Amino acid sequence: MIEVIREGFRAPLRPRWQVLLLAAGLGALFAAGQAPLGQWWLALPGLAGSIWIATSERWRASMIWIGFATGFGYALAAMFWIVEPFMVEADIYGWMAPFALVLMAAGMGVFWAVGFGLGAYAGQGPRSRALGIALGMAASDSLRSYVFTGFPWVLVGHIWIGTPVAQAAAFIGPLGLSLITMLIAAAPAMTRGMRMGPALGVVGSALVVLVALWLGGAARLNAPVEPRAEPITLRLVQPNAPQDLKWLPQYRMEFFQRLLDLTKAPTAPGAPKPDLIVWPETAVPFLLERPQGGLEMSAEAAGGVPLAMGIQRAQGSRYFNSLALIGPQAQVEALYDKSHLVPFGEYMPFGDALAQFGITAFAAQVGNGYSAGPGEKLLNLGKLGHVAPLICYEAIFPQDLRGFTQRPDWILQVTNDAWFGTLSGPYQHLAQARLRAIEQGLPLARDANTGVSAMIDAKGRIVASLGMGVTGKLDVALPPSLPPTLYSRLGDAPIVGLIAALLGLLSIFARIAVDRRPARA
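Notes on the structure in this doc start here. All values reported here derive from a predicted model rather than from experimental measurement.

Time to look at the pairing of strand 9 (residues 444–448). The buried fraction of strand 9 is high, at five of five residues. Residues of strand 9 alternate between two faces, with Leu444, Arg446 and Ala448 on one and Ala445 and Asp447 on the opposite face, all of them buried. Note on the crossover from strand 8 (residues 410–415) through helix 15 (residues 425–440) to strand 9: the handedness is right-handed. Sheet analysis places strand 9 next to strand 10 (residues 453–456), joined by three bridges and oriented antiparallel. Its bridge partner being in strand 10, Ala445 is matched across the sheet by Met455. Here strand 9 folds back onto strand 10, and the loop between the two strands holds four residues, one of which, Gly451, carries a positive phi near 110 degrees.

Structure, rendered in structure tokens:
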């Protein structure tokens, strides 16, 4: 009798370790849906399996633990590249790499625990809790996209990038993709206790939604697009400067000369001359204010063609990661300072205090980090239109592309993905750039130091590219733009509101259903 009473009032703190290990393995399987693998057909069963075992648990605390374990395994498999920046200067930062990986995975696990926890508390039985987990994880992705400056990397819905389903982002954005993905994955667990007919109806409905999204996306991809009235040709220069060598005195001028040589290389016979030349993030070994002839050499190599150059600049004691448009006379015609910086990479919270212990930001070559620019700013490139500049990390934030005073004509991203290694990080970064193009209905030109440089059309397709570790240039026409998308007008607010409303309604109706159950004799 005492044991029965104790069991009724005291839930176990966590499931058995075998269950947690299984959840972590299912999380790792879900990671197969992210770039570079993109195996969504493996990812969905992994996610569905995690929801199934979570809803098999009686206690809410156990479900939260399963969410944490799933997110932990997911992050280890999807974001193991996080150790790469620490290995650029391994003698200084290498010891931090395993701690960074574990802490990052634990942080991801917390967000997944929040998602599963919301489902556990909104629902009152296995079926309603499965639906609650789907809504809770969509809410978790929303939180991760905005809190603590945001980190919307490898969101649940990103498994569809590269498939026709991703075209739905033009209407519902990345959080809408996450919501739909979670609802489809939760369908099997929502059939618990159902008879065969209704259960097949639930799972079948989920499959019908997936097929409809796939066919609708394919139709959008095949729809004709009006060609650009005035052709624009870009030259994307990829110098392929390894990060561990890039700033060494014996290599800096060699990589700069490589930029110059690629810039002035002749075009292919019969090909149009470039209208704009692009260099990647922090491409040059000098500051904008102290070029020591570097701007003149760059303009001369460009041969009268405007040059968009990733460069560092100083303003008093502050330093900025910038994109400068250099004209034919080596003059600065337009300038953008990166405004959404990478925490711990480009700036250090409490940087002055941590610098006393030798802990500084990775990317900044001067000071303890960069200062943030004033915010989103379109660059007026004259006949080339108004371009939305994105420097590296900024391309992962869809909300930032809605901060401009007018709609851009196209998007330009300059980046240095040498920090991310060669296995998965650069490809995940590229995948997000493709999603930004779909969301906005705008072409995106992407110039990367070591790759992948690419021209992406307004439907997220890669028109042309230079692969990882390739030294070269890419002369390519800028694809046409599409009319403004629904997502570009409304942003994330409708989907976030829908998720919150559905969670609230689920909680209310689940409790009403419990209250209406007949009491046991």
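Across all of its chains, the model carries three cavities of 30 Å³ or more by this definition. Looking at the largest cavity, its volume works out to about 100 Å³. Looking at the largest cavity, it is lined by 15 residues, and the ones nearest its centre are Ala241, Lys246, Phe255, Thr282 and Ala283. The greatest single-element share of the lining of the largest cavity, amounting to four residues, is contributed by helix 12 (residues 249–264). Of the residues assigned to the lining of the largest cavity, the class counts are ten nonpolar, two polar and three charged. If you add up the space inside the second largest cavity, you get close to 50 Å³.

Turning our eyes to something else, we now look at the packing of aromatic side chains. One pass over the structure, following the stated rule, counts 17 aromatic pairs. For the ring pair Phe256 and Trp279, a centre distance of 6.3 Å and an interplane angle of 85 degrees mean the geometry is edge-to-face. Of this pair, Phe256 sits in helix 12 while Trp279 sits in the loop between strand 2 (276–278) and helix 13 (294–302), and the two are 23 residues apart along the sequence. Just as Phe256 is buried, Trp279 falls in that class too. Their ring planes at 90 degrees and their centres at 5.6 Å tell us that Phe256 and Phe286 sit as a pair that is edge-to-face.

Turning our eyes to something else, we now look at the sheet that holds strand 3 (residues 307–315). Judged by pairing direction, the sheet is mixed, and its six strands sit side by side in the order 5-4-3-2-1-12 without closing on themselves. Looking at the sheet topology across the chains shown, the edges are occupied by strand 5 (332–337) and strand 12 (472–477). Mean inter-strand twist for the sheet, computed between neighbouring axes without regard to direction, equals 30 degrees. Those strands touched by helix 12 are strand 1 (233–238), strand 2 and strand 12, and its axis lies near 155 degrees from that of strand 1. Relative to strand 3, helix 13 is tilted by about 170 degrees, and along the sheet it contacts strand 2, strand 3 and strand 4 (318–326).

On to the sheet that holds strand 11 (residues 462–466). Two pairing modes exist for strands in a sheet, parallel and antiparallel, and in both the strands are linked by backbone hydrogen bonds. The sheet built from six strands is open, its strands ordered 6-7-8-9-10-11 with mixed pairing. Looking at strand neighbours, the two that pair on one side only are strand 6 (379–380) and strand 11, the edges of this open sheet. Looking at chain direction, strand 7 (residues 386–391) and strand 8 are connected through five bridges and run parallel. Residue Ile391 lies in a different strand from strand 8, and its bridge partner there is Val414. Relative to the sheet, helix 15 contacts strand 8, strand 9, strand 10 and strand 11, its axis offset from that of strand 9 by approximately 160 degrees.

Conventions adopted
Residues numbered from 1 in each chain as written. Predicted model: local features only at pLDDT ≥ 70, side-chain atom pairs only at ≥ 80, totals over all residues. Heavy atoms only, no water. Buried < 20%, exposed > 50% of the residue type's maximum accessible area, 1.4 Å probe, protein only. Helix = DSSP H or I, 4+ residues; strand = E, 2+ residues; numbered from the N terminus. Right-handed = clockwise from strand over helix to strand, strands pointing away. Pairing = 2+ DSSP bridges. 1 Å grid on protein atoms, 1.4 Å probe; cavity = no way out; pocket = protein on both sides within 12 Å on 5 of 7 lines; lining within 4 Å. Points joined across faces, edges and corners; volume = space filled by probe spheres on them. Nonpolar A, V, L, I, M, F, W, Y, C, P; charged D, E, K, R; others polar. Phe/Tyr/Trp six-rings, centres within 6.5 Å; stacked < 30°, edge-to-face > 60°. Axes fitted to C-alpha atoms, helices over the stretch in contact; angles between N-to-C directions. Contact = heavy atoms within 4.5 Å.

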